[in-house]
Amino acid sequence: MSQPSGTIVFNTVGRPQYGFDIFSVDLHNHHTAAFADRRLTDGVSINFNAQFTDENDSVVFVSERTGSPRFYLTRPEDKPQPLPFVPNSLFHDRPTIKNGKLYFVSTHEPPEPETVFKSWNAVYSTAVDSVDGVVTRITPKGVVDYSPAVSLTGKFMAVASHGSGLWRGDFRELETEIVVFSESEPENRVVVSERGGWPTWSQDNTIFFHRIVEDGWWSIFRVDLFDSELCRSDPPVRVTPAGVHCFTPAAMHDGKRIAVATRRPGSSFRHIEIFDLELQSFQPVTETINPSFHHYNPFVSRNSRYLGYHRFRGDPTQGESTYPHLDPVQSPIQNLQLLRLNGSFPIFSPCGDFIAFNHDFDANGGVKIIRSNGSKRWTLLKGRTCFYNSWSPSEKHVIYTSVGPIFESVSKTVEIARIEFELDHLTNDRQEIPSKMKILTKSGTGNNAFPSCSPDGKSIVFRSGRSGHKNLYIVDAVDGEFNGGLRRLTEGAWIDTMPCWSPKGDLIAFSSNMHNPTNPEVFGIYVVQPDGSGLRRVEVAKGELAERERLNHVFFSSNGEWLLFTANIGGVTAEAVSLPNQFQPYGDLYAVRLDGSGLRRLTCNAYENGTPTWYDGVLALCSEDEKENDSDVLMGAFQEPLWIN
């Protein structure tokens, strides 16, 4: 059978608006009129999770400018220089340079033995000036490590370790231990705290880390090590008080202060503050400079004079100020192209020249269309909340969508709409396309959503809550259910949702929890014939692990041999508290054959990736000169984690 090929377009929650750059402040000017932050990176793509090198004024950081996270080194007045990376890794994170070595996280080695519900994260090292590409794995085989930290001299390391077990679904606070070991003997690992994340060293004998306390506050803890063998330590001690969330600490080597990111009651923004361990007091840093920006993941120079962090770059003259309609993402498969869309629920036109999608889910989100080379965007429908689209394969001027609020109850009014327009109106001199909308579902039938058109263009399969349960129905694609053209496809006290009609018309794939109806958090993939026969489950995880599947947004390949979907089966790749809001940071894209074999992971990052569509060709994106001036301006319009309260 063939391998996955073509082009997949998908959404990543919040990512288009990040616009991150690395900034630093000189703490010698902290209480002077000259106190301001200085940008250290060049405004290209997003740049984050930095550390000062031993030189104090140079910085190693992560950038996604090549379509995946890779490492760069920047010095004042110099352009960022690429550092060694693992070519087949889709995810690199948390770089540190010490004594000529680059330490980092990568996900290029699947678990051994390869399994699901286990993160691919491990810590590695390589020479900064490596020319042979030799990378040394520091994390033991079968173990999952996050957030590595290197001590002042480089003699010791600490990680937040998930151990060798399977991922248990944790992501708000990872169920990790703080583990320390000698850099020269990484196999001799010592647990110094049974709970904690994001370790940071002060000198070679003190570690700070964060965790949630029983009183509900994220707080910083301290553990002191007593000997060079790492065999003795005090129990962890809480150092920051209740009443303010503190996370992602960075220790200063005087042993008296730590930099922390904070969220305070009454404030909507994350800021960087310095906590004095002796005075037990906070000193605000970023709130006085940029009160209305979020600031993430502080880091300090070796001499503790400079404090760095990343934030939305702000000034539109300082680097990229817009986000493209389509942004290339590194693919693990040679003939498969991945493109991140600035929007959700994309669907290709039959000829592949255009993509319809939902830009936002607010009252004016509507439906928009872009050229599939990313050069131009039009508004097709506005003034309505819409989601999940299907372009008729037989009527090139017809798009179906759901009209109404997303993620609502069975009784909330959501309607299936048929939108007709003229393809000839998709020209450069227009911004809006005249259209005519026809509702296909009757009023009073509750929540009708997620339409998918049959290959012959005659029928629509959709999800409806009209019976009190969310099941699938088939309706006439032109007249809807008004002339008796409605037929029930599935029936049961469970949730069937997000159907997709196969390109041959012989199957309909969808997500459902019919195998565990009392649990709305689990979804498997099912296929059924359009007449309701042949219902079966496509198990991706096998045996008992299949009961933990959360698989959604199913879409067929053009030849009908593969199923594309989003899944929770790869665990998480970073500590979610260190990022803007991701509802499901374990959401990655996968493909599997119809019989459940040949599972392929397509994305691996710290974000929630979803709502994919699949086209059988490879797209040639337009150049910068060919783009119309209609891209979204970067506004830093992303959210803090909604579960921090």
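The structure presented is a predicted model; accordingly, all values stated were derived computationally and were not measured. Per chain, residues are indexed from 1 in the order of the written sequence. The model is predicted, so local features are restricted to residues of pLDDT at least 70 and side-chain atom pairs to those at 80 or more, both for listing and for counting; the totals for chains, interfaces and linings are taken over all residues. Side-chain measures were taken over the full set of non-hydrogen atoms in the model, leaving aside hydrogen atoms and water.

**Q** I keep staring at the nonpolar core and nothing clicks. Help me out?
**A** As a rule of thumb, soluble globular proteins bury nonpolar side chains together. The definition of a nonpolar core used throughout is a set of buried Ala, Val, Leu, Ile, Met, Phe, Trp, Tyr and Cys residues joined through side-chain atoms within 4.5 Å. Throughout, exposure labels follow a simple rule: accessible area from a 1.4 Å probe, protein chains only, divided by the maximum for the residue type, with under 20% read as buried, over 50% as exposed, and the rest as partly exposed. Formed by 78 residues in total, the largest nonpolar core has its most connected members in Ile-8, Leu-307, Ile-369, Leu-563 and Phe-565. By definition, any uninterrupted DSSP run of H or I lasting at least four residues is a helix, any uninterrupted run of E lasting at least two residues is a strand, and each is numbered from the N terminus. If one sorts the elements of this core by residue count, strand S46 (residues 562-567) sits on top with five residues. Working rule for contacts: check all heavy atoms of both residues, and any pair within 4.5 Å makes them a contact. Aside from chain neighbours lying at most four places away, what touches Ile-8 is Leu-336, Gln-337, Leu-338, Leu-339, Leu-564, Leu-589, Leu-602, Pro-612, Thr-613 and Trp-614.

**Q** Please explain unusual backbone geometry as it appears in this structure.
**A** A negative phi angle characterises most non-glycine residues, just as the trans form characterises most peptide bonds. At Asn-297, a position not held by glycine, the phi torsion is positive, near 50 degrees. Of the residues examined, Asn-297 reaches a relative accessible area of 3% and is grouped as buried. Positioned with a positive phi, Phe-407 is a non-glycine residue whose angle comes to about 60 degrees. Mapped onto the secondary structure, Phe-407 falls in the loop between strand S34 (398-403) and strand S35 (415-421).

**Q** How do you make sense of the pattern of salt bridges when you look at a structure like this?
**A** One speaks of a salt bridge when a side-chain nitrogen belonging to Lys or Arg is within 4 Å of a carboxyl oxygen belonging to Asp or Glu. All told, the structure shown has 32 salt bridges when counted by the stated rule. A salt bridge links Arg-311 to Asp-37, with the shortest nitrogen-to-oxygen separation between them at 3.0 Å. Separated by 274 residues along the polypeptide, Arg-311 in strand S25 (residues 306-312) and Asp-37 in the loop between strand S2 (20-26) and strand S3 (38-39) bring together distant segments of the chain. The residue Lys-382 makes a salt bridge to Glu-432 at a minimum N-O spacing of 2.8 Å.

**Q** Looking at this structure, how should I read the sheet that holds strand S20 (residues 245-251)?
**A** Backbone hydrogen bonds hold the strands of a sheet together, and the pairing may be parallel or antiparallel. Strand order in the open sheet formed by four strands is S20-S21-S22-S23, with antiparallel pairing between adjacent strands. The open sheet is flanked by S20 and strand S23 (281-284), the only strands paired with a single partner. The average angle at which neighbouring strand axes cross in this sheet is 35 degrees, direction not considered. Where strand S22 (residues 271-276) lies against S23, four bridges are found, and the strand directions are antiparallel. By the bridge assignment, Phe-275 is partnered in S23 with Phe-282. What makes two strands pair is DSSP finding at least two bridges between them. For helices, the fitted axis covers only the stretch in contact; all axes are lines through C-alpha atoms, and the angles between them, taken along N-to-C directions, range from 0 to 180 degrees.

**Q** Help me out: how do you make sense of the packing of aromatic side chains in this one?
**A** Geometrically, a pair of aromatic rings is defined through the distance of the ring centres and the angle of the planes. Aromatic pairing here means that ring centres of Phe, Tyr or Trp (its six-membered ring) are within 6.5 Å. Orientation follows from the plane angle: under 30 degrees is stacked, over 60 is edge-to-face, and everything else is tilted. One pass over the structure, following the stated rule, counts 29 aromatic pairs. Both rings, one in Phe-345 and one in Phe-387, keep their centres 6.4 Å apart while their planes meet at 50 degrees; by these two values the pair is tilted. Remark: Phe-387 occurs in strand S33 (residues 386-391) and Phe-345 occurs in strand S29 (residues 344-348); sequence separation between them is 42 residues. Residue class for Phe-345 comes out buried when judged on its relative accessible area of 6%. Relative to Phe-450, the ring of Phe-387 has its centre 5.4 Å away and its plane inclined at 70 degrees; by these criteria the two rings are edge-to-face. Taken together, the positions of Phe-387 in strand S33 and Phe-450 in strand S37 (residues 448-453) put the pair 63 residues apart, joining distant regions of the chain. Taking the relative accessible area as the measure of exposure, Phe-450 reaches 4% and is therefore buried. Put simply, the rings of Tyr-18, Phe-20, Tyr-296, Tyr-607 and Phe-638 touch in pairs and so form one group of aromatic residues. Directly above the ring of Phe-221 sits Arg-211, whose terminal nitrogen or CZ lies 4.1 Å from the centroid. In this structure, Arg-601 is placed above the aromatic ring of Trp-120, and the distance from its NZ or CZ to the ring centre is 4.8 Å. Either the NZ atom of lysine or the CZ atom of arginine qualifies as a charge over a ring when it sits within 6 Å of the ring centre and within 35 degrees of the ring normal.

Function-wise, these values are silent; they only describe arrangement.
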